[in-house]
Amino acid sequence: MPREPASSEENNILGALSKAYYGKLYAQMESVTLPAGTVLYDVGEPIKHVYFPRTALVSLVGLTADGRGTEVAMIGSEGFLGVPVLLGAISQPYEATIQIGGRLWKMRKEVLDGTEPDGPSLICLLRRYATIRVNQISQSAICNRFHTLKQRLCRWLLTAADRTKNNRLDLTQEFLSQMIGARRPATAKTLGLLRRKRFIGAERGRIRILNQTALEAASCECYRSGKQELETFQRSHQGPGH
């Protein structure tokens, strides 16, 4: 007996598809729950699957020859992993690692080749989302070069909360420092400042956003411009409802 399709609304791209088309696609997907630290793609590894995060948060990390890395993009419920496949590439230039554990839809990349438009085309949505990803990577380079650690940290926390739809973020200071390209003592000092101002609450392995308005004011324009671009994309592809 065919399984009943689960809601597509946990992922914004899947949620923009018609109910009929999503029902067909659902049979080709596998629901997986993965912990933080899971590597989805190694650099240069052939891409066999694409992923649609639901509650998980994934970081794309650029690595140096000696193994040091920094985040160039993060992907959550707004998007998908597998952009190089759309461009004809067979591998990922960045390491893709689960940063906050949770649920994802997993699908063989070959399924994309056989998708047919029914309502909003999946391939069309993915290609338009890919332009947002490219812009995100470019903006990340600008942000890391010109903005303060405090601004970058505020931007990262806000973006992570948006991507996971959750103001409670389970992560360590060490991992957060790597993601924003800062030394751990400097990250800890800045987190302490935000905590004293009650912008955030911080416990071991968990950060909670207490005052989003204040955090947005302390962030750089990169957060606002990135959020606006994503919201424009989502408004233009509102799903028909499920």
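In short, a report on the structure.

In this section: the overall build of the protein chain. Secondary structure summary: the protein chain contains 10 helices and 10 strands in total. Computed over C-alpha atoms, the radius of gyration of the protein chain comes to 18 Å, within 12% of the 18 Å expected from 2.2 N^0.38 for 242 residues, which places it in the range of a compact globule. Seen along its three principal axes, the alpha-carbon backbone of the protein chain occupies a region of about 55 × 40 × 30 Å. A buried classification covers 46% of the 242 residues belonging to the protein chain. Within the protein chain, contacts between residues separated by at least 24 positions form 74% of all contacts whose residues are at least 6 apart in sequence. For the protein chain, the distance from the average position of its 33 positive side-chain charges to the average position of its 22 negative side-chain charges is 8 Å.

What the 3 strands build is an open sheet, ordered E1-E7-E3; its pairing is antiparallel. Both edges of this open sheet fall to strand E1 (29-34) and strand E3 (49-53), since each of them pairs with a single strand only. Averaged over all pairs of adjacent strands, the angle between strand axes in this sheet comes to 35 degrees, irrespective of strand direction. Here 5 bridges tie E3 to strand E7 (residues 102-108), and the two strands are oriented antiparallel to one another. Directly across from His49, in E7, lies its bridge partner Arg108.

So, on to the packing of aromatic side chains. A full pass over the atoms with the stated rule returns 6 aromatic pairs. Each ring, one from Tyr41 and one from Tyr51, has its centre 5.9 Å from the other, and the planes form 65 degrees; the classification is edge-to-face. A residue pair is termed long-range when its members are at least 10 positions apart, and Tyr41 in strand E2 (residues 39-41) and Tyr51 in strand E3 qualify at 10 residues. Just as Tyr41 is buried, Tyr51 falls in that class too. An aromatic cluster of at least three residues, connected via ring pairs, comprises Phe52, Phe80, Tyr129 and Phe233. Seen from the ring of Trp105, Arg54 lies directly overhead, with NZ or CZ sitting 4.1 Å from the centre.

Backbone hydrogen bonds are what pair the strands of a sheet, in a parallel or an antiparallel way. If you trace the 4 strands from one edge of the open sheet to the other, you get E2-E6-E4-E5, paired in antiparallel fashion. Each edge of the sheet is formed by a strand with only one pairing partner; in this case those strands are E2 and strand E5 (69-75). On average, each strand axis in the sheet is tilted by 35 degrees relative to the strand beside it, whichever way the strands run. Strand direction decides the pairing type here: E2 and strand E6 (residues 95-100), joined by 2 bridges, are antiparallel. Residue pairing across strands places Tyr41 opposite Ala96, the latter belonging to E6. Sheet strands in contact with helix H5 (residues 122-146) are strand E4 (57-63) and E5, and its direction is about 145 degrees off that of E5. Of the strands in this sheet, E4, E5 and E6 touch helix H6 (residues 149-164), which is tilted by about 40 degrees from E5.

What counts, and where the lines are drawn
Residues numbered from 1 in each chain as written. Predicted model: local features only at pLDDT ≥ 70, side-chain atom pairs only at ≥ 80, totals over all residues. Heavy atoms only, no water. Helix = DSSP H or I, 4+ residues; strand = E, 2+ residues; numbered from the N terminus. Rg over C-alpha atoms; globule rule 2.2 N^0.38 Å. Buried < 20%, exposed > 50% of the residue type's maximum accessible area, 1.4 Å probe, protein only. Contact = heavy atoms within 4.5 Å. Lys, Arg positive; Asp, Glu negative; His and termini not counted. Charge placed at Lys NZ, Arg CZ, Asp CG, Glu CD. Pairing = 2+ DSSP bridges. Axes fitted to C-alpha atoms, helices over the stretch in contact; angles between N-to-C directions. Phe/Tyr/Trp six-rings, centres within 6.5 Å; stacked < 30°, edge-to-face > 60°. Lys NZ or Arg CZ within 6 Å of the ring centre and 35° of its normal.

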